Amino acid sequence: MVPIYYGILESKTNQGGYTVTQKEMILTPEGLTRLETELSNLRTHKRKEVAERIKTAISFGDLSENAEYDEAKKEQAFIEGRIATIEHMLKNARLIDEQDYIPDKIGMGSKVTLLDVEFNEEITYTIVSSAEANPGENKISDESPVGRSLLGGAVGDTVDVTVPAGMIQYKVIRLER
């Protein structure tokens with residue numbers, strides 16, 4: 001059993017004189033499903049929509065001053081880039097499973113309730129990989145200052161987190177899987 005504390009594990013290989021870093025993306029089942037759904041939508045719907053927009057813009061004639069064509073081509077490039085990014089993430093993905101959890105320790109997929117010591121306020125975060133992070137849903141990356149400070153911690157621990165606004169002190173008051 002290999003304990004998981006970080007969302008990304010790096011391995012380096014030498015290919016043609018260049019060192020290539022491949023990052024293993026550790027995902028929750030929910031995160032994997034979300035990425036697969038986004039990839040499917042991009043491949044099946046968004047590509048077709050943009051192709052139609054390009055076709056329509058071409059029908060307007062002179063492409064040198066065709067704003068619709070330029071915008072559609074930019075969107076096409078963005079979509080293809082996002083598809084490549086998600087494919088790379090999925091190719092290097094590893095799903096969290098029960099064997100990865102260490103009892104009573106904060107790790108990937110942990111739901112942690114913290115007490116902000118200064119303001120006496122509680123906040124709950126779920127520790128996820130950078131690919132799944134969504135601050136609006138209180139899902140924070142294991143690479144973020146707060147996430148990194150919490151990894152390996154336990155209920156009762158107090159952690160000092162350096163953030164752009166200064167130093168925040170949290171006490172871990174609850175841990176769930």
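You'll find the structure just up there.
Computed from a predicted structure; not experimentally measured.

Each helix and strand counted, the protein has three helices and eight strands in total. Along the protein, helices (α) and strands (β) appear in the sequence β-β-α-α-β-β-β-β-α-β-β when read from the amino end. The buried share of the protein, taken over its 177 residues, is 32%. For the protein, long-range pairs separated by at least 24 residues make up 52% of all intrachain contacts whose partners lie at least 6 apart in sequence. Total accessible area computed for the protein in this model is approximately 10,900 Å², and 52% of it derives from carbon and sulfur atoms.

Here we come to the pattern of salt bridges. Scanning all chains against the criterion turns up nine salt bridges. Measuring nitrogen to oxygen at the nearest pair gives 2.0 Å for the salt bridge that ties Glu-30 to Lys-139. Within this pair, whereas Glu-30 is found in helix 1 (residues 29-59), its partner Lys-139 is found in strand 6 (residues 139-141), the two being separated by 109 residues in sequence. The exposed category is assigned to Glu-30, whose relative accessible area is 52%.

Right, let's talk about the nonpolar core for a bit. Leu-114, Ile-127, Val-146, Leu-150 and Tyr-170 are the most contacted members of the largest nonpolar core, which totals 18 residues. With three residues, the top contributor of residues to this core is strand 7 (residues 158-163). Those residues in contact with Leu-150 that lie beyond four places of it in its chain are Ile-106, Leu-114, Ile-127, Val-159 and Val-172. Listed in part, the 15 residues of the second largest apolar core include Leu-35, Leu-39, Ile-79 and Ala-131.

Attention now moves to the environment of Asn-134. One can find Asn-134 in the loop between strand 5 (121-128) and strand 6. On the basis of relative accessibility, which here comes to 30%, the residue Asn-134 falls in the partly exposed class. Separated by 3.1 Å, the side chain of Asn-134 and the backbone nitrogen of Gly-136 make a polar contact.

Mapped onto the elements, Ile-106 comes out in the loop between strand 3 (93-95) and strand 4 (111-116). Taking relative accessible area as the criterion, Ile-106 reaches 0% and is therefore assigned buried. In sequence terms Ile-106 and Ile-127 are 21 residues apart; their C-alpha atoms lie 8.3 Å from each other.

Turning to the sheet that holds strand 8 (residues 166-176), a few remarks are in order. With mixed pairing, the five strands of this open sheet are ordered in space as 6-5-4-8-7. Single-partner strands in this sheet number two, and they are strand 6 and strand 7. Pairwise comparison of adjacent strand axes, ignoring direction, gives a mean angle of 45 degrees for this sheet. Note: strand 5 against strand 6, three bridges, orientation parallel. When the bridges of strand 6 are listed, Thr-126 appears paired with Lys-139.

Before going further, it helps to examine helix 1. A rise of 1.5 Å per residue sets the reference length of helix 1, with its 31 residues, at 45 Å; its end C-alpha atoms lie 44 Å apart and thus fit the reference within 8%. The sharpest bend along helix 1 comes to roughly 40 degrees, located at Leu-42. Of the positions making up helix 1, those classed as buried are Gly-31, Leu-35, Leu-39, Leu-42, Val-50, Ile-54 and Ala-57. Looking at the residues trailing helix 1, positive phi occurs at Gly-61, about 100 degrees.

The rules we used
- Residues numbered from 1 in each chain as written.
- Predicted model: local features only at pLDDT ≥ 70, side-chain atom pairs only at ≥ 80, totals over all residues.
- Heavy atoms only, no water.
- Helix = DSSP H or I, 4+ residues; strand = E, 2+ residues; numbered from the N terminus.
- Buried < 20%, exposed > 50% of the residue type's maximum accessible area, 1.4 Å probe, protein only.
- Contact = heavy atoms within 4.5 Å.
- Areas by Shrake-Rupley, 256 points an atom, 1.4 Å probe, with all protein chains shown as cover.
- Salt bridge = Lys/Arg side-chain N within 4 Å of Asp/Glu carboxyl O.
- Core = buried A, V, L, I, M, F, W, Y, C linked by side-chain atoms within 4.5 Å.
- Polar contact = N/O pair within 3.5 Å; in protein donor to acceptor, adjacent residues only side chain to side chain.
- Pairing = 2+ DSSP bridges.
- Axes fitted to C-alpha atoms, helices over the stretch in contact; angles between N-to-C directions.
- Expected span 1.5 Å × (residues − 1).
- Bend = angle between axes of the 7 residues up to and from the residue.

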